[in-house]
Amino acid sequence: MANEVNPFESMQEQGDDAAAYVDLADDVVERLKYPERVLELNLSVEMDDGTLERFEAYRSQFNGDRGPYKGGIRYHPGVTRDEVKALSGWMAYKCAAVNIPYGGGKGGIKLDPAEYSDTELERITRSYAEELRPLIGENRDIPAPDVNTGQREMNWIKDTYETLERTNEPGVITGKAPDSGGSAGRVEATGRSVMLVSREGFKYLDKDIADATVAVQGYGNAGSVAAKLIDDIGANVVAVSDSSGGIYDPDGFDARAAKDHKNETGSVNGFAGASEEITNEELLTLDVDLLIPAALENAIDEAIAQNLEADMIVEAANGPLTPDADDVLAERDVPVFPDILANAGGVTVSYFEWVQNRQGFYWTEQKVNNELERFIVAAFEDLIEGYESHDVESYREAMYIVAIKRLANAAKEGGVWP
Ligand code: GLU
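Presented here is an overview of the structure given in this document. (Residues numbered from 1 in each chain as written. Predicted model: local features only at pLDDT ≥ 70, side-chain atom pairs only at ≥ 80, totals over all residues. Heavy atoms only, no water.)

1. What to know about the sheet that holds strand β1 (residues 37–46)
As summarised here, the arrangement of the 5 strands in space is β1-β2-β4-β3-β5, forming an open sheet in which the pairing is mixed. Among the strands making up the open sheet, the edge pair consists of β1 and β5 (141–145). This sheet shows a mean twist of 20 degrees between the axes of neighbouring strands, independent of strand direction. Here β1 pairs with strand β2 (residues 52–63) via 10 bridges, running antiparallel. (Pairing = 2+ DSSP bridges. Helix = DSSP H or I, 4+ residues; strand = E, 2+ residues; numbered from the N terminus. Axes fitted to C-alpha atoms, helices over the stretch in contact; angles between N-to-C directions.)

2. Examining the site of the ligand
Taken together, 14 residues are adjacent to the ligand, and K70, K94, P145, D146 and S350 come closest. D146 is positioned such that a nitrogen or oxygen atom in its side chain is 2.7 Å from a nitrogen atom of the ligand. Side-chain polar atom of R186 to an oxygen atom of the ligand: 3.0 Å apart, as the coordinates give it. Out of a free accessible area of 300 Å², the ligand has 95% covered by protein chains. Secondary structure elements with two or more residues in the shell around the ligand: β3 (69–75), α3 (81–97), β5 and α13 (345–359). (Near = heavy atom within 4 Å. Polar contact = N/O pair within 3.5 Å; in protein donor to acceptor, adjacent residues only side chain to side chain. Areas by Shrake-Rupley, 256 points an atom, 1.4 Å probe, with all protein chains shown as cover.)

3. Some points on α3
Counted at 1.5 Å a residue, the expected span for α3 with its 17 residues is 24 Å, and the 24 Å between its end C-alpha atoms agrees. Here α3 lies mainly inside the structure; 15 of its 17 residues are buried. At the C-terminal side of α3, N99 shows a positive phi close to 60 degrees. (Expected span 1.5 Å × (residues − 1). Buried < 20%, exposed > 50% of the residue type's maximum accessible area, 1.4 Å probe, protein only.)

4. Focus on the nonpolar core
Counting residues in each nonpolar core, the largest one holds 85 residues, and the members touching the most others are Y93, I230, I292 and L341. Looking at this core element by element, the count peaks at 10 residues for helix α15 (residues 395–414). If near-sequence neighbours (up to four positions away) are discounted, I230 is found in contact with M195, S198, I209, V214, A235, V237, L290 and I292. (Core = buried A, V, L, I, M, F, W, Y, C linked by side-chain atoms within 4.5 Å. Contact = heavy atoms within 4.5 Å.)

5. A closer look at a negative patch on the surface
Together, E9, E13, D17, E302, D324, D327, E331, D333, D391 and E393 line one region of the surface with negative charge. When residues of the negative patch are traced back to their parent elements, those giving at least two are α1 (7–19) and α11 (323–331). Inspection of the secondary structure assignment puts D333 in the loop between α11 and β12 (336–337). (Patch = residues over 30% accessible without salt bridge, like charges linked within 9 Å, V, L, I, M, F, W, Y side chains within 5 Å. Salt bridge = Lys/Arg side-chain N within 4 Å of Asp/Glu carboxyl O. Lys, Arg positive; Asp, Glu negative; His and termini not counted. Charge placed at Lys NZ, Arg CZ, Asp CG, Glu CD.)

6. Topic: unusual backbone geometry
For the bond running from W417 to P418, omega is 0 degrees, close enough to zero to count as cis. Among the secondary structure elements, P418 is positioned in the segment after α15. In this model, R166 sits at a positive phi of 50 degrees, which is unusual for a non-glycine residue. With respect to the secondary-structure elements, R166 resides in the loop between α5 (151–165) and α6 (189–204). Even without being glycine, D206 reaches a positive phi, approximately 60 degrees. Its place among the elements puts D206 in the loop between α6 and β6 (213–217).

Written as structure tokens, this is what we have:
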């Protein structure tokens, strides 16, 4: 069963796979398999009715050799210590893959935000921020949004940190609202890199993206923006889904209107622009030119990979394929452009936000988008260089090779202390 695959073990396996192609000492590889530290918390927070509730929460700091730890905070009932550790490792590889000066980190609180009021969520977030305070800072660890968190939560964390520290330090966190020091273009950045990597992938494989059929699993921030931007460059979105199911129309539909419908009703189901309702599993096995998994880890397991009919996969979620699924797709020659490149737009624009905060000088959205394109296209070229110069089985391995070399070099150059 897919949900039994431990994402932390998947992350370690992906690192090992890449290390096998690179001449690295065992102790270097060993260090890249475990987080440097993990903070585990039990937050006691007052609910609106006066009772206290306990929340399990984590922050994993994976690797700081290339710069401050960096990565989002997710609110989800499925959060576990191992999931957060895996996600922090993927952040270290991701930041190295797109060559931005950060290590990797990740945090999470185990809860379903839909079950709590806004005032409860604010108290939970501030309690978490207070506990994180000694570990974070613009030169230490810089959190950001992830699943079910966004500008509101980032603004609360910034305010808590700055109030307790008696300082002004917007670069302590990214993904803030523009009036609180956020960057133009940050909200759309993850979807934008998914679009750019899809565009470059089609070009590299000599395929035409105009009229290509696209299915998107997961219609949150990453999936819906990717769908909209890919539609803008001429592709045809034919299916999208969220946790309550999916919609399909072989003739395609307006990706923006489907998102409006989800905003109004809470799900894509019932959208009048699409002719059929389908399950998530049916969506993942549709015969389309491009499949974008944009939900959670382990969405595509070995069995789905065997039945999958898409011609190409671009990963918007973190870790959506199990290692077994990866093997099946490599065997079947289905190209998979990996998460650590495809969804890296989010952290790349987080980097731009941090640069702007530190300079106190803010860029136009056009400049943000141009710089993002420059970073993502350069990383895509590095991936292709890695792919063509090693006898690898997948684009994932090629991207990990690029990243692991950068991580290992930083560790080597820093030397050993004490
Ligand atoms: N949570 C996003 C990711 O998984 C963004 C992280 C960030 O901006 O630091 O890449």
